Amino acid sequence: MKRLAPVFILTAGTLWGIMGIFVRTLEKYGFTSIQIASVRIMGGTILFLLLTAVTDRKKLHVRLKDIGWFLGMGIASILMFTVCYFTTMSLSSLSVAAILLYTAPIMVMLMSLVLFHEKMTVKKGMALAMAFAGCVLVSGMGGDMRISPAALGFGLLSGFGYGLYSILGTYALKKYPPLTVTTYAFLCGGLGALMVCDPGDLMGKISVAPDRGRLWLLIFLTAFVTAVLPYLFYTVGLSFVKASSASIMASVEPVVATIAGILVFHETMTAEAFLGIVLVIAAIVLLNLPGGKKTGQCKNVQVNRG
């Protein structure tokens with residue numbers, strides 16, 4: 001499992017990278033950004049609860065005093081990151097939203113230095129710099145771009161919320177298996193999403209859709225492919241990889257998003273984007289090269305025993 005941890009995290013980043021395909025399709029039904037985020041989170045909540053109930057109901061048992069971790073992961077991370085990310089998209093360009101979101105590895109590394117006393121190694125610093133530079137190039141951010149204070153604020157909050165999952169997840173995984181952590185994180189996030197998505201308007205848009213069967217299938221796939229699978233993979237990987245390293249490896253997401261845009265929406269590949277992809281991949285390879293101490297493992301984490 002420890003050897004497969006990087007593969008799990010890269011798989012999660014890949015699945016998050018194709019999220020734009022589902023978002024653009026749902027926008028055609030008139031869904032707002034917040035409603036798309038809420039559908040994704042609430043759908044993921046239902047699927048996680050069903051999965052946990054079917055596979056091992058004992059994993060639904062948590063201590064009341066630990067609910068704070070799940071509230072933080074669900075509300076302050078999953079819900080806040082998604083809503084702020086989509087809001088940044090509406091206030092600025094997609095490239096601005098992407099680059100502000102990927103301040104997350106920097107925030108995770110800084111928080112890990114303080115909270116987990118992780119050491120800042122030369123290799124880790126180089127990988128972080130390469131990954132961030134790659135994300136800048138992939139996003140296509142130009143020199144003449146202006147960012148409004150609101151876009152900057154929401155964008156930084158999206159990066160903070162995105163990174164917070166790794167930090168809070170590290171604590172929660174010391175007591176609970178990945179399936180329990182993700183299930184309760186989504187349950188808390190889903191309850192929060194229910195309060196901000198305007199459920200009446202959302203159901204009204206679904207009811208008037210000319211192809212409701214196709215729409216419900218799309219909603220299911222959005223939740224399953226971009227929420228359930230990637231968060232489960234990422235949380236399992238986080239059980240064996242330091243939060244700072246996991247966050248850098250997940251930077252494969254904008255690379256996949258760029259490739260998906262080229263293949264699905266026939267967007268063009270610029271030389272800068274290609275160089276950015278190379279830098280991100282190089283950062284991930286560098287981070288996983290042997291040498292020195294192996295990637296850290298959280299103590300007392302039992303993935304398969306519950």
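These notes cover the structure that comes with them. (Residues numbered from 1 in each chain as written. Predicted model: local features only at pLDDT ≥ 70, side-chain atom pairs only at ≥ 80, totals over all residues. Heavy atoms only, no water.)

**A few points about empty space enclosed by the protein**
Moving on, step 1. The full count for this structure, using the stated rule, is one cavity of 30 Å³ or more.
Moving on, step 2. Every residue lining the largest cavity is counted, 13 residues in all, and those nearest its centre are Trp16, Tyr162, Tyr165, Ser166 and Tyr234.
Moving on, step 3. If you tally residues by element for the lining of the largest cavity, the top one is helix 8 (residues 149–172), at five residues.
Moving on, step 4. Grouping the amino acids of the lining of the largest cavity by side-chain chemistry returns eight nonpolar, five polar and no charged. (1 Å grid on protein atoms, 1.4 Å probe; cavity = no way out; pocket = protein on both sides within 12 Å on 5 of 7 lines; lining within 4 Å. Points joined across faces, edges and corners; volume = space filled by probe spheres on them. Helix = DSSP H or I, 4+ residues; strand = E, 2+ residues; numbered from the N terminus. Nonpolar A, V, L, I, M, F, W, Y, C, P; charged D, E, K, R; others polar.)

**A closer look at the pattern of salt bridges**
One side chain can pair with another of opposite charge once the charged atoms of both are near each other.
Moving on, step 1. In total, this model carries four salt bridges according to the counting rule given.
Moving on, step 2. Here Glu118 ties to Lys124 by a salt bridge, and the two come within 3.2 Å at their closest N and O atoms.
Moving on, step 3. For Lys124, a relative accessible area of 6% translates into the label buried.
Moving on, step 4. For Lys205, the salt bridge goes to Asp201, with nearest N and O atoms at 3.2 Å. Of the two residues, Lys205 and Asp201 both sit in helix 10 (residues 199–207), four residues apart, roughly one turn of that helix.
Moving on, step 5. Given a relative accessible area of 16%, Lys205 falls into the buried group.
Moving on, step 6. Residue Asp201 is classed as partly exposed on the basis of its relative accessible area, which comes to 33%. (Salt bridge = Lys/Arg side-chain N within 4 Å of Asp/Glu carboxyl O. Buried < 20%, exposed > 50% of the residue type's maximum accessible area, 1.4 Å probe, protein only.)

**Side note on unusual backbone geometry**
Moving on, step 1. With a phi angle near 55°, His117 is a residue other than glycine that sits in the positive phi range.
Moving on, step 2. Relative to the helices and strands, His117 is located in the loop between helix 6 (104–115) and helix 7 (122–139).
Moving on, step 3. Judged by its relative accessible area of 65%, His117 falls in the exposed class.
Moving on, step 4. Within the chain, Asp198 stands out as a residue other than glycine whose phi angle is a positive 55°.
Moving on, step 5. Of note, Asp198 is situated in the loop between helix 9 (178–196) and helix 10.

**Here we look at the environment of Met111**
Moving on, step 1. The topology assignment puts Met111 in helix 6.
Moving on, step 2. Each C-alpha atom, one on Met111 and one on Ile167, is 7.6 Å from the other, the two residues being 56 residues apart in sequence.

**Brief notes about the packing of aromatic side chains**
Describing an aromatic ring pair means giving the distance of the ring centres and the angle of the ring planes.
Moving on, step 1. Under the defined criterion, the tally for this structure stands at 15 aromatic pairs.
Moving on, step 2. Ring centres of Phe70 and Tyr176 lie 5.6 Å apart, and the angle between their planes is 55°; this geometry places the pair in the tilted category. Taken as a pair, Phe70 in helix 4 (residues 67–91) and Tyr176 in the loop between helix 8 and helix 9 lie far apart in primary sequence, 106 residues in all. Neither Phe70 nor Tyr176 differs from the other in exposure class; each is buried.
Moving on, step 3. Both rings, one in Phe81 and one in Tyr85, keep their centres 6.2 Å apart while their planes meet at 20°; by these two values the pair is stacked. Of this pair, Phe81 and Tyr85 are both found in helix 4, four residues apart, which corresponds to roughly one turn of the helix. (Phe/Tyr/Trp six-rings, centres within 6.5 Å; stacked < 30°, edge-to-face > 60°.)

**So, helix 9**
In an α-helix, one turn spans 3.6 residues; hence positions three or four apart end up facing the same way.
Moving on, step 1. In this model helix 9 runs 27 Å from its N-terminal to its C-terminal C-alpha over 19 residues, within 8% of the 27 Å that 1.5 Å per residue would give.
Moving on, step 2. Taken across its 19 residues, helix 9 has 14 buried, putting it largely inside the fold.
Moving on, step 3. One or two positions beyond helix 9, positive phi appears at Asp198, with a value near 55°. (Expected span 1.5 Å × (residues − 1).)

**Quick look at the side chain of Ser251**
Moving on, step 1. One can find Ser251 in the loop between helix 12 (243–249) and helix 13 (252–265).
Moving on, step 2. Residue class for Ser251 comes out buried when judged on its relative accessible area of 1%.
Moving on, step 3. The residues touching Ser251, leaving out its near neighbours within four places in the chain, are Tyr102, Pro105, Ala131, Cys135 and Val280. (Contact = heavy atoms within 4.5 Å.)

**A closer look at the packing of helix 2 (residues 19–27) against helix 13**
Moving on, step 1. The interhelical angle for the contact between helix 2 and helix 13, taken along N-to-C directions, is 55°, at an axis separation of 8 Å. Here helix 13 runs oblique to helix 2, going by the angle between their axes. Packed against helix 2, whose contacting residues are Met19, Ile21 and Arg24, the element helix 13 presents Glu253, Ala260, Val264 and Phe265 at the interface.
Moving on, step 2. Its residues assigned to classes, the contact of helix 2 with helix 13 comprises five nonpolar, no polar and two charged. (Axes fitted to C-alpha atoms, helices over the stretch in contact; angles between N-to-C directions. Parallel < 35°, antiparallel > 145°, perpendicular 65-115°, else oblique.)

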